[in-house]
Amino acid sequence: MTGPLRPRAGPIGMGLALLAVVGVASWQVGRIPEAPVFAAVGPAVMPRILVAALAVLSVLYLAMSLQGRSSDVLLDEHESPLPGQHRRVAWLVGGLAALLGLTPVVGIGLAGVLAFVGIARAFDSARWGRDLCVGGCVSLAVWILFDRLLGVSLGRFANFLPWP
């Protein structure tokens, strides 16, 4: 599939937005403290590699967009969006917003379950009960992995439970 030969505003805007993300990420990685002298690899090595890779990909995407060669599946009649795409995006954004907004209030567990249900609904799942159970299991497994096994404090699993 070949795109149009003239540049379009959407892909160029996305390329510029990706470069803005690279700028913010570079600034944040620059704030990571340097490793102690005795450490062979510091905490900023992997983030720097990831930001560099994102920078290269962003520049390549922007260059392709400026040449009018960015791929766009919307131009292919067989790849058109499914009906209800705005509703799907609303469920997806709502699930992610639940995770971000509710974590400090109800704990990572319940917020993760609600995010899982919202994202599953965005992908047309109509089985609320199953989504709640699977989301609960995944949230508990992630919490146990990070909080208990790796020692990365995620706070309480659920603020209303008597156990952490």
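Residues numbered from 1 in each chain as written. Predicted model: local features only at pLDDT ≥ 70, side-chain atom pairs only at ≥ 80, totals over all residues. Heavy atoms only, no water.

**Q** How should I be thinking about the environment of leucine 19 in this particular structure?
**A** Relative to the helices and strands, leucine 19 is located in helix α1 (residues 9–30). In this structure leucine 19 comes out as partly exposed when scored by relative accessible area, which is 29%. Spatially, the C-alpha atoms of leucine 19 and leucine 57 are 9.4 Å apart, while their sequence positions differ by 38 residues. Setting aside residues no more than four positions away along its own chain, leucine 19 makes contact with Ser58, Val59 and Leu62. (Helix = DSSP H or I, 4+ residues; strand = E, 2+ residues; numbered from the N terminus. Buried < 20%, exposed > 50% of the residue type's maximum accessible area, 1.4 Å probe, protein only. Contact = heavy atoms within 4.5 Å.)

**Q** Would you mind showing me how to read the layout of surface pockets here?
**A** Rolling a probe over the atoms, with the probe sized like a water molecule, indicates the empty space that remains. Looking at the largest pocket, its volume works out to about 160 Å³. Of all elements in the fold, only α4 (108–122) and α5 (128–149) reach the threshold of two or more residues within the lining of the largest pocket. No other element matches the five residues that α5 contributes to the lining of the largest pocket. Each residue belonging to the lining of the largest pocket can be placed in one class, and the counts come to seven nonpolar, four polar and no charged. (1 Å grid on protein atoms, 1.4 Å probe; cavity = no way out; pocket = protein on both sides within 12 Å on 5 of 7 lines; lining within 4 Å. Points joined across faces, edges and corners; volume = space filled by probe spheres on them. Nonpolar A, V, L, I, M, F, W, Y, C, P; charged D, E, K, R; others polar.)

**Q** Quick question: what am I supposed to make of the pattern of salt bridges here?
**A** Oppositely charged side chains may form a pair once their charged atoms are brought near each other. Taken as a whole and judged by the stated rule, the model has five salt bridges. The partner of arginine 87 in a salt bridge is aspartate 124, and the shortest N-O contact between them spans 3.7 Å. With a gap of 37 residues between them, arginine 87 in helix α3 (residues 85–106) and aspartate 124 in the loop between α4 and α5 connect regions that are remote in the sequence. The partner of arginine 148 in a salt bridge is aspartate 147, and the shortest N-O contact between them spans 3.8 Å. According to the relative accessible area criterion, arginine 148 is partly exposed, its value standing at 47%. A cluster of three or more residues bridged by salt bridges with shared partners is formed by Arg87, Arg88 and Asp124. (Salt bridge = Lys/Arg side-chain N within 4 Å of Asp/Glu carboxyl O.)

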